[in-house]
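Residue-level listing of the chains:
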Amino acid sequence: MKKTLIASLLLGMFAVPAMAADAIKIAITGPFSGGSAPMGTSMRDGAKLAVAEINAAGGINVAGKKKMIEIIERDDEGKNERGALIGQELASMSDLSGVIGSVNTGVVVAGDKHLQEKGITKIITPAAGSASMNQWSKAGVKDLSIFRFAADDAIQSAMVVEDAISHKFTKAAILYDSTNYGVSGHDDLVDQIKKQGNKLAVVASEKFNIGDKDMTAQLLSAKAGGAQVILIWGIGPEMAAVSNGMAKLGMKMPLIGGWTLSMSNYIDNAGKNGNGTLMPQTFIEEATTPHVKSFIEGYHKAYNVTRIPSPVSAAQGYDAIYIFAAAVKQAGSDDTHKIKLALEDLREPVKGVISTWKHPFSKWDPANELTHEAFRRADVVMGKIQDGHVVFAEQADRQRLIKSDSK
Amino acid sequence: MNSIIIVQMAVSGALMGLVYALIAYGFQLTYATSKSINFGQGELVMLSAFFSLTLLDAGLPYWLMVPGGLLFGAMMGLVVERACVRLSLEQKSEGWILLTIIFGLLSFSAAENIWGRDDRPFPSPISADAFNVFGISITPLELSVAIGVFAVMGLIELFKHKTLLGKAFEAVSADRDAAELMGISATRTIMLSFGLSGMVAAMAGILISPITTVGPTMASALILKAFSVAVVAGLDSGFGVVLIGIALGALESLTSFYLGSGWREAPGLILLIMALALRPNGVFGKANIRKV
């Protein structure tokens with residue numbers, strides 16, 4: 001027993017460097033702790049599930065040679081300064097094939113410039129803030145190595161405003177947190193209200209800070225303005241405080257907001273006060289198709305949970321790895337620049353759990369951010385919270401997804 | 001409509017202010033006897049809340065968890081006294097400032113490693129469903145905070161005035177040297193004050209956790225406000241902290257409503273500056289006259 005243990009340890013020692021030389025190194029970064037952790041850890045675990053599947057099948061075929069994927073994890077804690085440090089560290093690695101991750105828009109803005117400088121390919125997921133991509137279009141960058149695999153806030157805010165208008169509401173209050181994500185989300189919402197014909201009057205625009213628990217003042221100013229609906233942009237714990245405050249003050253209007261409303265720390269802390277909350281989702285944890293079913297069951301089993309903390313993040317992390325792997329295969333190389341070129345022109349469709357991705361990205365054009373954005377309006381559905389789970393808000397969406405998969 | 005909103009805001013703010021007052025009271029207790037302040041008081045609140053949550057998770061009923069949590073808080077208070085304060089006081093040094101801060105940082109890291117960095121809900125048998133009083137919504141949970149704050153402070157004040165040990169406490173607070181000459185052990189009294197202060201911190205943790213959730217950073221925002229309250233009211237003002245706490249809480253809510261939510265933190269700071277400029281001993285503080 002002891003001998004085999006020592007033998008296997010020794011074997012391990014020799015095996016690791018041998019494997020490392022032959023492996024494709026991908027860094028996964030995100031907040032694995034703090035208020036955004038449900039998104040960060042779900043994204044990471046979804047991505048690792050995909051990596052485990054790919055490695056179990058022998059790895060990726062790179063120019064005739066099978067190569068394993070090796071993961072480097074970095075916890076940015078959702079802090080901008082950590083994001084910058086990690087960006088610098090990753091940019092200095094010479095054998096890195098790419099980076100996947102980031103949840104917080106501020107972290108993306110602080111860290112990605114170091115990667116772009118060195119031309120390291122990164123797929124941002126699930127950070128949705130507009131600033132993550134328009135920092136590059138505004139600067140007129142000609143050649144961009146940063147891609148996004150998330151329903152950006154422009155799509156989401158359009159859906160949120162659409163939904164409010166379709167319910168015939170005319171007065172809305174906007175609540176948002178004071179981070180980059182919240183402030184840019186607020187601007188997107190105001191923008192969308194204008195674009196969709198000014199049918200909603202914004203009767204209150206109220207900010208809250210990370211860590212705030214008492215939202216009475218913000219909510220009462222919404223109530224005083226006669227808001228019929230509350231639009232919100234923030235992360236889980238504070239939005240739960242908003243829902244609980246609404247229940248306390250007897251405010252029964254619907255709460256509609258960004259996809260972060262599906263975070264487990266919103267659902268758990270808001271409890272029954274969260275029921276009926278609406279948000280755009282790229283993935284709903286419901287076994288609509290066999291492929292989705294096997295992903296959900298695989299996740300539950302691998303991480304010993306009965307509910308994915310943030311299903312959207314997990315599914316996006318999972319699909320992002322498959323898209324990245326397809327690019328590595330097409331490039332026939334682990335060189336990050338060649339992978340970037342392949343990503344801009346993926347020839348074979350990639351079957352993921354969210355959708356089957358056909359040519360998700362194209363050559364970067366600073367005048368059109370959509371060239372490096374994978375998601376379109378049709379890839380996103382409205383989700384609704386019901387008794388601690390996110391379900392389809394519209395049955396039509398559910399049917400549409402099942403149909404498109406069987407095609 | 002409008003006047004109801006103002007009252008609602010003031011009431012909600014005042015209830016939050018009572019929590020500041022309770023934590024501020026913890027500062028007062030140790031300051032009274034030892035003229036030192038535990039700058040890790042916020043971490044004591046957080047540690048006790050986590051410990052109480054662990055007791056609940058272990059299956060202990062709520063009403064048994066409360067004394068358990070309080071005992072833990074008192075013990076942590078004694079640890080702070082022994083590890084950070086006693087030696088510095090003996091050497092008449094100000095080392096306790098740094099030591100209590102270090103204790104806070106250590107506790108923070110320990111909590112992160114033991115319980116993780118996520119905010120967790122804290123179950124409570126007290127309902128969070130609001131009821132209406134003249135159009136103002138109050139939840140039983142908020143009411144329990146108010147009752148808890150007054151109960152703890154009332155009991156401790158009663159103890160100070162009615163028991164022999166309490167009188168020793170008052171004697172050391174009034175004049176340490178004279179009390180020692182009368183045969184009262186100052187060291188023991190200071191230990192007692194730190195134990196009580198830890199207990200108050202634990203009570204604050206148990207009371208606010210169902211509202212704020214439990215996480216390593218749960219008290220970091222509260223503690224600054226509590227410190228302002230303690231200084232503005234005066235570090236030996238007793239029930240003065242309650243008035244200042246309520247006023248600050250209500251003011252915060254109203255500022256946030258009228259000036260915008262970005263201005264929420266302003267009144268606390270302005271109050272602090274004004275108090276230090278006009279009444280350095282606090283609004284309810286006694287002037288520091290010492291006969292030689």
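What counts, and at which threshold
- Residues numbered from 1 in each chain as written.
- Chains lettered and ligands numbered in written order.
- Predicted model: local features only at pLDDT ≥ 70, side-chain atom pairs only at ≥ 80, totals over all residues.
- Helix = DSSP H or I, 4+ residues; strand = E, 2+ residues; numbered from the N terminus.
- Rg over C-alpha atoms; globule rule 2.2 N^0.38 Å.
- Buried ≥ 20, exposed ≤ 12 C-beta atoms within 10 Å, placed from the backbone.
- Contact = placed C-beta atoms within 7 Å.
- pLDDT = per-residue confidence, 0-100.
- Pairing = 2+ DSSP bridges.
- Axes fitted to C-alpha atoms, helices over the stretch in contact; angles between N-to-C directions.
- Right-handed = clockwise from strand over helix to strand, strands pointing away.
- Parallel < 35°, antiparallel > 145°, perpendicular 65-115°, else oblique.
- Nonpolar A, V, L, I, M, F, W, Y, C, P; charged D, E, K, R; others polar.
- Core = buried A, V, L, I, M, F, W, Y, C linked by C-beta atoms within 7 Å.

### Considering the overall build of chain B
Okay, step 1: The number of helices and strands found in chain B is 11 helices and 2 strands.
Okay, step 2: Helices and strands in chain B line up, N terminus first, as α-α-α-α-β-β-α-α-α-α-α-α-α.
Okay, step 3: Taken against the 2.2 N^0.38 rule, which gives 19 Å for 292 residues, the C-alpha radius of gyration of chain B at 19 Å falls within 12% of a compact globule.
Okay, step 4: The principal-axis extent of the C-alpha atoms belonging to chain B is close to 60 × 50 × 35 Å.
Okay, step 5: Of all 292 residues assigned to chain B, the portion counted as buried reaches 49%.
Okay, step 6: A fraction of 74% describes how many contacts in chain B between residues 6 or more apart in sequence connect residues 24 or more apart.

### Some words on the overall build of chain A
Okay, step 1: Secondary structure assignment for chain A yields 14 helices and 16 strands.
Okay, step 2: A compact globule built from 407 residues should have a C-alpha radius of gyration of about 22 Å, and chain A, at 21 Å, falls within 12% of that.
Okay, step 3: When its C-alpha atoms are laid out on the principal axes, chain A stretches across 70 × 55 × 45 Å.
Okay, step 4: Long-range contacts, defined here as pairs at least 24 residues apart, represent 75% of the contacts in chain A between residues at least 6 apart.

### Quick word on the confidence of the model for chain A
Okay, step 1: Looking at chain A, the pLDDT average stands at 89 and 94% of residues meet or exceed 70.
Okay, step 2: Long-range and interchain partners of residues 9-20 of chain A, a stretch whose pLDDT sits below 50, account for 2 contacts in this model, where long-range means more than four residues apart.

### Considering the sheet that holds strand β6 (residues 122-124) of chain A
All names here are of chain A.
Okay, step 1: Strands sit in the order β4-β1-β5-β6-β7 across an open sheet of 5 strands; the sheet is parallel. Strands with a single pairing partner mark the edges of an open sheet, and in this sheet they are β4 (69-75) and β7 (146-148). Averaged over all pairs of adjacent strands, the angle between their axes in this sheet comes to 20°, without regard to strand direction.
Okay, step 2: As paired strands, strand β1 (residues 24-30) and β4 are joined by 7 bridges and run parallel to one another. When the bridges of β4 are listed, A27 appears paired with I72.
Okay, step 3: Set on the sheet, helix α2 (residues 37-56) makes contact with β1, β4 and β5 (96-101); between it and β4 the angle comes to about 170°.

### A few points about the pairing of strand β10 (residues 229-233) of chain A
All names here are of chain A.
Okay, step 1: Counted residue by residue, β10 has 5 buried out of 5 residues, so it is predominantly covered.
Okay, step 2: Across the two faces of β10 the burial is the same, with V229, L231 and W233 and I230 and I232 all buried.
Okay, step 3: In this structure, β10 lies alongside strand β11 (residues 255-257), joined through 3 bridges in parallel fashion. When the bridges of β11 are listed, I232 appears paired with G257.
Okay, step 4: Crossover connection from β10 via helix α9 (residues 236-248) to parallel β11: handedness right-handed.

### A few points about the confidence of the model for chain B
All names here are of chain B.
Okay, step 1: Per-chain confidence: chain B averages 88 in pLDDT, with 98% of residues scoring 70 or above.
Okay, step 2: The secondary structure element of chain B with the lowest average pLDDT is strand β1 (residues 131-133), at 81, and the one with the highest is helix α2 (residues 41-57), at 94.
Okay, step 3: For this predicted complex, the interface confidence comes out at an ipTM of 0.74, alongside a pTM of 0.79.

### Quick look at the packing of helix α5 (residues 140-162) of chain B against helix α8 (residues 186-212) of chain B
All names here are of chain B.
Okay, step 1: Orientation of α5 relative to α8, taken along the N-to-C sense of each, is 170°, at an axis distance of 9 Å. Here α8 runs roughly antiparallel to α5, going by the angle between their axes. Counting all contacts with α5, which are made through L141, S144, V145, G148, V152 and I156, the residues of α8 involved are L196, V200, M203, L207, I208, P210 and I211.
Okay, step 2: Tallied by class, the residues present in the contact of α5 with α8 amount to 11 nonpolar, 2 polar and no charged.

### Some words on the interface of chain A and chain B
Okay, step 1: Residue-level contacts link 25 residues of chain A with 23 residues of chain B.
Okay, step 2: Among the secondary structure elements, those contributing two or more residues to the side of chain A that touches chain B are β9 (201-208), α8 (216-224), α9 and α10 (264-270) of chain A.
Okay, step 3: Per-element accounting of the side of chain A that touches chain B gives the leading share, 6 residues, to α8(A).
Okay, step 4: Of the residues belonging to the side of chain A that touches chain B, the class tally is 8 nonpolar, 11 polar and 6 charged.

### Quick notes on the packing of helix α1 (residues 2-34) of chain B against α8(B)
Packed helix pairs are specified by the crossing angle of their axes together with the interaxial distance, meaning the distance between the axes.
Residues and elements named next belong to chain B.
Okay, step 1: It is at 8 Å that the axes of α1 and α8 come closest, and there the two elements cross at 175°. In terms of axis orientation, α1 runs roughly antiparallel to α8. Two secondary-structure elements touch here, α1 through V19, L22, I23, Y25, G26, L29, T30, A32, T33 and S34 and α8 through T189, I190, S193, F194, L196, S197, V200, A201, M203, A204 and I208.
Okay, step 2: Its residues placed into classes, the contact of α1 with α8 shows 14 nonpolar, 7 polar and no charged.

### Section: the environment of A:M253
Residue and element names in this part refer to chain A.
Okay, step 1: In this fold, M253 is placed in the loop between α9 and β11.
Okay, step 2: Residue classification places M253 among the partly exposed residues on the basis of 16 C-beta atoms within 10 Å.
Okay, step 3: The spacing of M253 and V229 is 24 residues in sequence and 5.3 Å in space, taken between C-alpha atoms.
Okay, step 4: With residues up to four places along the chain from it excluded, the contact list for M253 reads A227, Q228, V229 and I230.

### Describing the environment of A:L255
Residues and elements named next belong to chain A.
Okay, step 1: Secondary-structure assignment places L255 in strand β11.
Okay, step 2: Along the primary structure L255 and G276 are separated by 21 residues, whereas in three dimensions their C-alpha atoms are 7.8 Å apart.
Okay, step 3: Excluding anything up to four places from it in sequence, L255 contacts I230, I232, S243 and T277.

### Brief notes about the nonpolar core
Generally speaking, nonpolar side chains in soluble globular proteins are found buried as a group.
Okay, step 1: In terms of nonpolar packing, the biggest core is built from 206 residues, with B:L22, B:I23, B:A24 and B:V229 touching the most fellow members.
Okay, step 2: Not counting the four nearest positions on each side in its chain, B:A24 is found in contact with B:A226, B:V229, B:A230, B:A233, B:V241 and B:G245.

### Describing the pairing of strand β12 (residues 278-281) of chain A
Residue and element names in this part refer to chain A.
Okay, step 1: The two faces of β12 match: L278 and P280 on one face and M279 and Q281 on the other face are all buried.
Okay, step 2: Sheet analysis places β12 next to strand β15 (residues 381-386), joined by 4 bridges and oriented antiparallel. Its bridge partner lying in β15, M279 is registered against G383.

### Things to note about α8(A)
Okay, step 1: For α8(A), the tally of buried residues reaches 8 of 9 residues, placing the bulk of the element in the interior.
Okay, step 2: Taken together, the buried positions of α8(A) are occupied by A:T216, A:A217, A:Q218, A:L219, A:L220, A:S221, A:A222 and A:K223.
Okay, step 3: Lining the buried residues of α8(A) we find β8 (171-177), β9, β10 and α9 of chain A together with α1 and α10 (240-258) of chain B.
Okay, step 4: Just beyond α8(A), the residue with positive phi is A:G226, at close to 80°.

### Some remarks on unusual backbone geometry
Residues other than glycine predominantly adopt negative phi, and peptide bonds predominantly adopt the trans conformation.
Residues and elements named next belong to chain A.
Okay, step 1: Geometrically, the link from T125 to P126 is a cis peptide bond, its omega value of 0° lying close to zero.
Okay, step 2: Mapped onto the fold, P126 is located in the loop between β6 and α5 (131-139).
Okay, step 3: For N198, which is not glycine, the phi torsion reads 50° and is therefore positive.
Okay, step 4: Turning to its location among the elements, N198 is positioned in the loop between α7 (180-195) and β9.
Okay, step 5: Here H359, not a glycine, exhibits a phi torsion of approximately 50°, which is positive.
Okay, step 6: Tracing the backbone through its elements, the reader meets H359 in the loop between β14 (356-357) and β15.

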